[in-house]
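Next come the chains, spelled out residue by residue.
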Amino acid sequence: MRINNLSKIYRGKYDTVKALNDMTLNFDEKGLVFIVGVSGSGKSTLMNMLSGIDKPSNGDVIVGGKSLYDQENGEMFGYRNSYVGLIFQDYNLIDDLDVYDNIKLPLELLGKTDFSKVDEVAKAIDIEDILHHKVNEISSGQMQRVAIARALVKDANIILADEPTGNLDSTNGDIVLNLLKEVSNEKLVVVITHDDYAAHKFGDRIIEIEDGKILSDSKPLAQDLDNTLPEFRQPIVTFKNQVRFTKSFIKRYLARSLTIFITLLLIPIIGAILAGYGFFDVAKTYQSHQKKYGGEYVVLATEKRGLNVYFDADLYTDTFNAYPGSKLIQVFNTSIVFKEVNETDEDYDSFYTNEIKHVSIYQNGFFKIDGMEPTSTDEIVITDYLEASLEHYLGYTPDRLNIYGHNYEIVGIADTNYEKFINADMSDDFTRMAFEDNMYIYNSIIMDEASYGDPTDSKSFVRRCTQYKEIFFCKNVNTGETMKDIEITVYTQSAKSVSVMSTSVRGYPTIGGKTAYFSTALIQTLGFGNNYRGAVSKNAPTMTFYDRSRCAANFQIGGVFESDKCEIILADSTFRTYAVDKVGYGRLVISTNDKNYNKIVNNENVINNSFVYANSINDRIKSTRIAIFEVLFAVLVILIAFGGFINSYTLSNEKRKIGIKYSLGLSRKKIVTPYILEYSLYILIGFVISFGIAKFGFPFILRLLNMADDFAYKEATFFYISVAVIVGWNLTIAIIMIASLLLMIATIMRKSPVEIIKDI
Ligand code: ADP
Ligand code: MG
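What counts as what
Residues numbered from 1 in each chain as written. Chains lettered and ligands numbered in written order. Predicted model: local features only at pLDDT ≥ 70, side-chain atom pairs only at ≥ 80, totals over all residues. Heavy atoms only, no water. Helix = DSSP H or I, 4+ residues; strand = E, 2+ residues; numbered from the N terminus. Buried < 20%, exposed > 50% of the residue type's maximum accessible area, 1.4 Å probe, protein only. Areas by Shrake-Rupley, 256 points an atom, 1.4 Å probe, with all protein chains shown as cover. Near = heavy atom within 4 Å. Polar contact = N/O pair within 3.5 Å; in protein donor to acceptor, adjacent residues only side chain to side chain. Nonpolar A, V, L, I, M, F, W, Y, C, P; charged D, E, K, R; others polar. Axes fitted to C-alpha atoms, helices over the stretch in contact; angles between N-to-C directions. Parallel < 35°, antiparallel > 145°, perpendicular 65-115°, else oblique. Left-handed = near helix turned anticlockwise from the far one by under 90°. Contact = heavy atoms within 4.5 Å. Patch = residues over 30% accessible without salt bridge, like charges linked within 9 Å, V, L, I, M, F, W, Y side chains within 5 Å. Salt bridge = Lys/Arg side-chain N within 4 Å of Asp/Glu carboxyl O.

K.L.:
Can you help me understand the overall build of the protein chain in this one?
P.N.:
When helices and strands are counted, the protein chain shows 24 helices and 31 strands. When burial is assessed residue by residue, the protein chain has 52% of its 760 residues classed as buried. When the accessible surface of the protein chain is totalled, it reaches about 34,800 Å², and 53% of it is carbon and sulfur.

Pasting the structure below:
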């Protein structure tokens, strides 16, 4: 080995130090060479050049005719791995590994599988009893012996030791030097010391240096005798060892490892929640419920009072124009009561609403009809739901229905798909909304447009309802005269103020939720005669206004008072509301497939109860969504920052170990592998866990926090979005983490091992 005109200049901020000044030296193939000199004379610098863990500013180190610094970097790994054994003053053991594994490592890096040499060397150095101790459990004397064992075990050509006895007592120091002396019988051993006595006692040659120059040399060599071309063997690191490095790395920084792992886990979960909420669409959910339960159409009514739907003509027109996809189904609210329903009745079943609420005009394709379509003025189709309702309350399905005194033959049953609601969960908001919307269809009687709508046809339904301007025609009980008007008395006081009320009144009739009272004159005029009380109490609880009523009304006779006037007394303006407002109303529906659908369901201007309700849910979600967004986003940012910080902090702690591995001959790729393995492990486990959380955890958490109604987690989209986001985030994080790791390693690796170890 030879060094040629070697110089090393350290350029600091304020000064420049010439640590080695144009030094030229030859070394024999074997023998124990001591380099002595005062502190700061350049001994360590020289050693770092010889060992190839630092680069000279000038000059060269020649080994067997090969220039170390002329080589590709790969050669340096091989040189450090196979040709030199290094012993440092501060040991530079790898504390992830125990004593045995530290000593064994160079053998593994050389690709050896026989490790008996470890025990051999351990025995020679007398460290057999600590072989399976952790590095940080042994004394500094023992550490140095381990470091020496590690240098000796690989049977290197040159042993380089920088102050190997510096931290040892004299007994241990002598043991070490004796050992090196023995080794130097076969190899070149270069030892730095400031212990002149030891140098003279053991040394074959003593070189004294001062200010980076040779002051004296006890046995200068004229030339380099070693001319055999050396073989530098590249280090080999098995996957098993990399896994071991990974494991001990995770264990060593357990808190940090857990934090990073949890961070990696939480980031995609939070990302998924953010995205899930971000993409969750109330309109779509509502729509899917409509579709699920068979309603292709949703009601686009502008106003709904109680169970009745009304249209304000202007609003209706506006809405129709705003949503051209909508279509009109004319529906008359008939409120025909098939049976008085008392909610306390045993057979009361709110699912089967017991009133026909609507008369729909048959439109081709709108209903699937079992039987015939209505073709004459006497024919109607009822829905399967109505059929079930009649069956439920009457015990049988009638062939005909008497509506406004006219008999209609039921010629067909329309298929509404209402069955889908039978076992549906009505506590679910959207399901109930879908049901309520569909109720308008379910409760329909369907008739032919011609028989329904021709006001000149005496058989027309519309004519029956609308041909008279007057509300009622009645006969005066006493005079027998036909009275043009029923007098409707509206009062705003309490019911008690009606002093004429009969004592025989049984309950109060209600219209639109308000109490109504009927005069005896009205009762008699309408055909109940004087027997109305009997009739009422027996089997005629319903009083029907026949075809002279402008609009059909169907009142339960509850309160009757003596009067010779045909009159109904109502509280407030109930009757007016009930009768007068019902002019020409229909229902505007829109298909759930319509392109306007989402616009409508999100449009707060559409004052339909269902949509108002949908909107209120939407608002609620929006507001929680915003809150959740803000909180989660903050958490996300904190986590990323925290994870990034803790990661770079740990990696900077790892620098020294990276430097040691580097000095042992490991390449960048091999040094990086355990860290990449670690992240891959986290990402893999993280993915599995976060997938599970998306599938099972989210529904549970959402329900627990009541952050979303039942519908939210039922939605497959929510899940798929979550999963997609988790995968995306995981990949993104993986790429970011690994890229940042590689970047950091690359930055470190631009330095020499000694710079990394000493963190310069
Ligand atoms: P010794 O090992 O003989 O005590 P060194 O080789 O460590 O001496 O140092 C030689 C000179 O180089 C000293 O003046 C020291 O301060 C300087 N030196 C060593 N390493 C560095 C460095 N990384 N940067 C700047 N100066 C350094
Ligand atoms: Mg030194």
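This is not the end of the story, as more comes after the structure.
K.L.:
Can you help me understand the site of ligand 1 in this one?
P.N.:
Of all residues adjacent to ligand 1, which total twelve residues, the nearest are G40, G42, K43, S44 and T45. Measuring from an oxygen atom of ligand 1, one finds a backbone N or O atom of G42 at 3.1 Å. A distance of 2.5 Å separates an oxygen atom of ligand 1 from a polar atom in the side chain of T45. Coverage of ligand 1 by the protein chains reaches 65% of its 560 Å² of free accessible surface. Of all the secondary structure elements, the ones that give two or more residues to the shell around ligand 1 are β2 (16-26) and α1 (43-50). Element by element, the count of residues in the shell around ligand 1 is highest for α1, at three residues. Of the residues in the shell around ligand 1, the class split is five nonpolar, six polar and one charged.

K.L.:
How do you make sense of the packing of helix α3 (residues 99-109) against helix α4 (residues 116-125) when you look at a structure like this?
P.N.:
The angle between the axes and the distance between the axes are what describe a pair of packed helices. At their nearest, the axes of α3 and α4 sit 9 Å apart, and the two run at 125 degrees to each other. With respect to each other, α3 and α4 are oriented oblique. Crossing of α3 over α4 shows right-handed handedness. Taken together, the residues of α4 that come into contact with α3 (itself represented by Y100, I103, K104 and L107) are K117, V118 and D119. Grouping the amino acids of the contact of α3 with α4 by side-chain chemistry returns four nonpolar, no polar and three charged.

K.L.:
Hey, could you run me through α3 in this one?
P.N.:
Three- or four-residue spacings in an α-helix give side chains the same orientation, since the helix completes a turn every 3.6 residues. Of all eleven residues making up α3, eleven are buried, and the element is well covered by its neighbours. Restricting attention to buried positions, one finds in α3 the residues V99, Y100, D101, N102, I103, K104, L105, P106, L107, E108 and L109. Residue D98 occupies the N-cap position of α3, its side-chain oxygen lying 3.3 Å from the main-chain nitrogen of Y100. Two residues or fewer past α3, G111 is found with a positive phi of approximately 85 degrees.

K.L.:
Sorry, what's going on with a nonpolar patch on the surface here?
P.N.:
A surface patch of nonpolar side chains, about 330 Å² in accessible area, is lined by L254, L258, I262 and L266. Topologically, L266 is positioned in helix α9 (residues 254-279).

Just geometry here; none of it tells us what the structure is for.
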